[in-house]
Amino acid sequence: MQFRMLIDGRLCEGASTLDVIDPATGKPLGASWCADDAMVEQAVVAAGRAFRSWRGMSPEHRGAVLEALAAAVERNSEKFARLLTREQGKTLAEARGEVGASVAALRYHAGLRLEDRLLVDGPDERIFEQRYPLGVVAAIVPWNFPLLLLVLKLAPALAAGNCVIAKPAPTTPFTALLLGETAADLLPPGVFQTLGDDGALGPVLAAHPDIAHVSFTGSTATGRKVMASAASSLKRFTLELGGNDAALVLDDADIGAIAPRLFEGAMSNAGQVCLGIKRIYAPRAKMDSLCEALGELARRSVPGDGLDPATTLGPVQNAAQHLRLAGLLEESRTLGRVVAGGGAMPGDGWFVPPTIVRDLPEQARLVREEQFGPIVPVLAYDSLDEAVARANDSEYGLGASIWSGDAERAIALASRIESGLVWVNRVFSLPFEVPIGGAKHSGIGRHQGLAGMEEFTQARIVNAALV
């Protein structure tokens, strides 16, 4: 299995290859082409050249191109989904959902328009704000949602008139490269390009003086490096970084009703969701019933190869993450009590059983760090003020959720949570028209909606005297 890179309108091989591992088997799935510095330079030059004409096209023309790309992905949706499962590990149902969301995102942004914003309209003056595209955008994409998170960068950037160079994660390159192959005959040369990576290209793209904007999704540690590299040329950037999202269960919550949704929020995509539930706080009086309900859901879960229709939980994506989760489990067994899961699984893949841990101290790694896997701690609290303080006591501020039988009470409480997004009685509701962004160490900038599209543009104020 091998897919070619798209550079300057041509599908091409790379300078080297890197084995891509199937996380369900631990064995090579195929080899990915990787670009070298010369290919990066070729892509940047091509994008800069294409930008001059792409930015001059009407929004309607650019929207039609995005519509055509959406239709092409949709026609090949099953091919994308099965490939996504094989390289990332998620269940086929989850992969089909990701592909469908990617098609919808392309279509949403195809119809999005940035209109002039009138600020002052008087008898002798008119002042308004315009937006214009920045130029060449580097889209650096993580391995948990390698197609959707690329499209959520690609679509608004292209719709606004920029050109995009995509760099997928080294462990999940195939879906992004397939998107490039799909786009090769639909987009003008240089407008969208794909570069396979062995782990060396991120700093090169972030520091390149002719790249105007870096859109990065990944860990907070790597996000800091992107910021440092971008500083040399004062380029614009958006960062969607780590999260340690707290779920607050209130004393009036119906445990039987909310437990399946909490479980889904913690275990979807094998727990590898930036905005997934990472820690659960519950009133002490409800701890036993909540842990029992979550434990039963974990025991009924079916880990396995994502292509198996019986599987409800795929493997984690890579060996490094699997090793890290093993360390978190080892400490958690010592400091807390495992309700369900917690053991090793047989086989060659990178499987971690869905695990519920209770009674951990607040300083345990599973509580303080972003685990990014199917292991969730449940923690007791005695007062709501205490629960809010503990939920906020984190360097992260990506998202949170509040669960209550009284929605208005929960909405009022949301104003005390220090995060960029707070759900009430739901998770994973992310309509494209609603902008989101992280607080604290969870990111800089906005994603989705008009605000997300504006991140790929520069504001220009036109201040005119009407004489």
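Up top is the structure.
Just so we're clear, the structure is a prediction, and the values are computed from it rather than from any experiment.

Further remarks concern the overall build of the chain. When helices and strands are tallied, the chain shows 15 helices and 22 strands. Computed over the C-alpha atoms, the radius of gyration of the chain is 23 Å, within 12% of the 23 Å expected from 2.2 N^0.38 for a compact globule of 467 residues. For the C-alpha atoms alone, the extent of the chain along its principal axes is close to 70 × 60 × 40 Å. Put simply, the chain has 467 residues, and 56% of those count as buried. In the chain, the proportion of contacts linking residues at least 24 apart, taken out of those at least 6 apart, comes to 73%. Across the chain, the mean location of the 44 positive side-chain charges is 1 Å away from that of the 54 negative side-chain charges.

Turning our eyes to something else, we now look at the sheet that holds strand S6 (residues 125-133). Here three strands make up an open sheet; going across it, the order is S5-S6-S22 and the pairing antiparallel. Lying at the two open borders of the sheet, with one neighbouring strand each, are strand S5 (117-121) and strand S22 (457-465). Taken pair by pair, the neighbouring strands of this sheet meet at an average axis angle of 20°, ignoring direction. Sheet analysis places S6 next to S22, joined by nine bridges and oriented antiparallel. Pairing of Tyr132 across the sheet is with Gln458, part of S22.

Turning to a negative patch on the surface, a few remarks are in order. On the surface, Asp36, Asp37, Glu41 and Asp210 cluster together to form a negatively charged patch. If you trace the backbone, Asp36 turns up in the loop between strand S4 (27-34) and helix H1 (37-54).

Thresholds applied
- Residues numbered from 1 in each chain as written.
- Predicted model: local features only at pLDDT ≥ 70, side-chain atom pairs only at ≥ 80, totals over all residues.
- Heavy atoms only, no water.
- Helix = DSSP H or I, 4+ residues; strand = E, 2+ residues; numbered from the N terminus.
- Rg over C-alpha atoms; globule rule 2.2 N^0.38 Å.
- Buried < 20%, exposed > 50% of the residue type's maximum accessible area, 1.4 Å probe, protein only.
- Contact = heavy atoms within 4.5 Å.
- Lys, Arg positive; Asp, Glu negative; His and termini not counted.
- Charge placed at Lys NZ, Arg CZ, Asp CG, Glu CD.
- Pairing = 2+ DSSP bridges.
- Axes fitted to C-alpha atoms, helices over the stretch in contact; angles between N-to-C directions.
- Patch = residues over 30% accessible without salt bridge, like charges linked within 9 Å, V, L, I, M, F, W, Y side chains within 5 Å.
- Areas by Shrake-Rupley, 256 points an atom, 1.4 Å probe, with all protein chains shown as cover.
- Salt bridge = Lys/Arg side-chain N within 4 Å of Asp/Glu carboxyl O.

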